[in-house]
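Residues per chain are reported as follows:
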Amino acid sequence: MIIIIYPKVVKDHADLSWTEYFMKELAKEFLKFLSNQDTNKCTTTNGTINNDVVVFFDETYKQVYEKAQTVGKAKMSYNTATHYTSKEKSKKSSFGKQSTATSIKEARVWHDGEQEVTSATMAKLDRSKNDSNAKLGDHVMDILEDSPALMEARAAYLPKENEIPTWEEEEGLKLVDDDEDEGEDDKVDDSSLGVGWGGSLKNILQHVSGKVLTVEDLQQPLKDMENILTSKNVARDIAQEICAGVRMKLVGKKMTSFTRVKTAVRQALEVSIERILKPGMGRGGSDSVDVLRNVVSKRERAKGFFARKDDQKPYVIVMVGINGVGKSTSLAKIAFYLKTNGCNPLLAACDTFRSGAVEQLNVHAKCLDVPLYHKGYAKDPAAVAKAAILHATQQGNDVVLVDTAGRMQNNVPLMKALSNLVVQNNPDLVLFVCEALVGNDGMDQLQMFNKALQSGGHARKIDGIVLTKFDTVSDKVGAALTMTHVTGAPVVFCGTGQKYNHLKKLSVPSVIQSLFS
């Protein structure tokens with residue numbers, strides 16, 4: 001039908017891949033129509049087609065055609081570009097001569113795993129470069145704007161218009177008793193006490209109101225509170241430390257109602273939990289890691305008249321962790337967070353080990369509309385990071401996010417390579433990425449990474465933690481407290497979903513709400 005109406009497409013040898021999609025969808029609609037209609041009523045008595053059928057096909061044709069323009073056209077553009085790229089490559093042999101008519105596909109020799117892997121072999125198998133004559137650092141893989149892969153990634157990762165980021169929702173979180181008038185505490189209806197963060201404390205603390213509290217009065221209630229905390233994956237020693245803080249707050253006080261007791265307990269919990277969540281950076285820095293503030297602060301210092309040489313460099317963040325925990329996606333989320341707040345990030349692809357890692361980060365860079373720096377595969381990650389930082393300094397980027405290869409904590413060669421990257425480039429922040437579900441294994445991983453960074457007599461440690469899949473841990477938030485307490489590294493960000501704006505900071509109110517809801 002298409003060929004009859006548009007004979008020019010045959011003459012020009014146009015790509016008809018989108019029409020195949022169009023005809024299949026039209027056939028599906030026709031079969032649906034037949035299954036719901038009496039075929040005898042499709043024609044009139046004189047043999048002509050019923051007008052209702054004509055109207056149906058006219059409307060259906062328009063709908064399917066419009067759908068083909070969004071889905072089919074994208075495939076057509078992508079396939080056409082790939083077709084002509086392959087066609088141009090096949091025109092010349094490796095000696096620069098015209099190939100024969102039978103030389104349709106470029107021959108490729110795959111490594112069999114037995115022979116020695118040479119630099120020449122790795123370079124030949126490196127498909128990350130489209131142009132072998134491109135300048136170093138500039139050969140970023142081209143992805144068509146309307147390619148299906150990029151369209152699918154944008155649909156999966158980019159937030160909807162006017163969608164509120166998770167980090168803004170977290171900043172506005174307040175516990176229930178924050179909104180209550182202290183002068184009206186005695187009048188609060190008991191039916192409302194189970195709502196909010198203090199529901200699990202009602203039965204164990206309600207009877208302590210109305211008298212001056214002693215250590216003996218609080219012994220059993222605090223033991224019950226400790227059990228609640230340990231049931232939420234809080235380590236026993238941390239739970240005891242939190243309860244000790246509550247005891248100090250309540251002993252010798254007279255509370256006239258449970259609401260006043262709850263307020264006093266909340267204040268004690270805030271102090272104890274904040275002390276755990278902000279243990280100080282690994283290098284003796286501030287009690288918390290505010291990435292945005294640090295990036296802006298370094299950028300402003302670089303503008304000063306007396307700025308030091310180190311201040312002229314962008315703020316550098318290195319992401320580390322084991323395989324498959326979501327380092328690249330977390331890096332992209334942090335880049336989105338920084339760009340949304342006025343920063344100018346650059347992504348550095350320093351995972352030169354895993355196949356497809358550079359291409360994956362390139363898709364994130366395209367979705368975020370931020371620059372990507374890479375040198376392909378089988379390169380020294382430390383050298384790539386150093387070149388990326390220099391490139392960002394020249395281009396005016398104020399923050400560089402370095403993606404590294406995932407590695408198991410017992411892989412000595414890769415751990416040494418990671419230590420080398422950190423020592424040579426001295427990043428401002430080293431973030432350890434792990435899943436919120438791993439529990440004690442996450443602490444073992446972090447401690448092994450710390451040992452790797454300190455190998456060779458270096459004093460550098462992990463500066464902060466990024467927890468992925470935090471939306472799947474339910475009320476087991478205690479594992480985050482335990483990890484921070486044991487390692488001394490604060491939780492900087494938590495990933496709460498797939499989209500770029502599903503990122504939040506671990507605030508004290510949210511932890512209390514999760515522990516005692």
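See the structure above.
Source: prediction; values computed, not measured.

Turning to the overall build of the protein chain, a few remarks are in order. Counting its regular elements, the protein chain contains 20 helices and eight strands. Across the protein chain, the fraction of contacts at a sequence separation of at least 24, relative to all contacts at a separation of at least 6, is 75%. In the structure as shown, the protein chain presents an accessible area of about 27800 Å², 53% of it carried by carbon and sulfur atoms.

Closest axis-to-axis distance for the helix α11 (residues 236-250)/helix α19 (residues 478-487) pair is 10 Å, and the angle between their directions is 95 degrees. When the axes of α11 and α19 are compared, the pair comes out roughly perpendicular. For the pair α11 and α19, the contacting residues are Asp237, Ile238 and Glu241 in the first and Leu481, Thr482 and His485 in the second.

It is possible for side chains of opposite charge to pair when their charged atoms get near one another. One pass over the structure, following the stated rule, counts 10 salt bridges. One salt bridge connects Lys298 with Asp428, and the closest N-O pair in it is separated by 3.1 Å. Remark: Asp428 occurs in the loop between α17 (412-425) and β5 (429-435) and Lys298 occurs in helix α13 (residues 291-302); sequence separation between them is 130 residues. For Lys298, a relative accessible area of 8% puts it in the buried group.

With respect to the helices and strands, Ile465 occurs in strand β6 (residues 464-468). Residue Ile465 is classed as buried on the basis of its relative accessible area of 0%. Along the sequence, Ile465 and Gly321 sit 144 residues apart, while their C-alpha atoms lie 9.9 Å from each other.

Calculation notes
Residues numbered from 1 in each chain as written. Predicted model: local features only at pLDDT ≥ 70, side-chain atom pairs only at ≥ 80, totals over all residues. Heavy atoms only, no water. Helix = DSSP H or I, 4+ residues; strand = E, 2+ residues; numbered from the N terminus. Contact = heavy atoms within 4.5 Å. Areas by Shrake-Rupley, 256 points an atom, 1.4 Å probe, with all protein chains shown as cover. Axes fitted to C-alpha atoms, helices over the stretch in contact; angles between N-to-C directions. Parallel < 35°, antiparallel > 145°, perpendicular 65-115°, else oblique. Salt bridge = Lys/Arg side-chain N within 4 Å of Asp/Glu carboxyl O. Buried < 20%, exposed > 50% of the residue type's maximum accessible area, 1.4 Å probe, protein only.

Coordinates in, geometry out; function isn't part of it.
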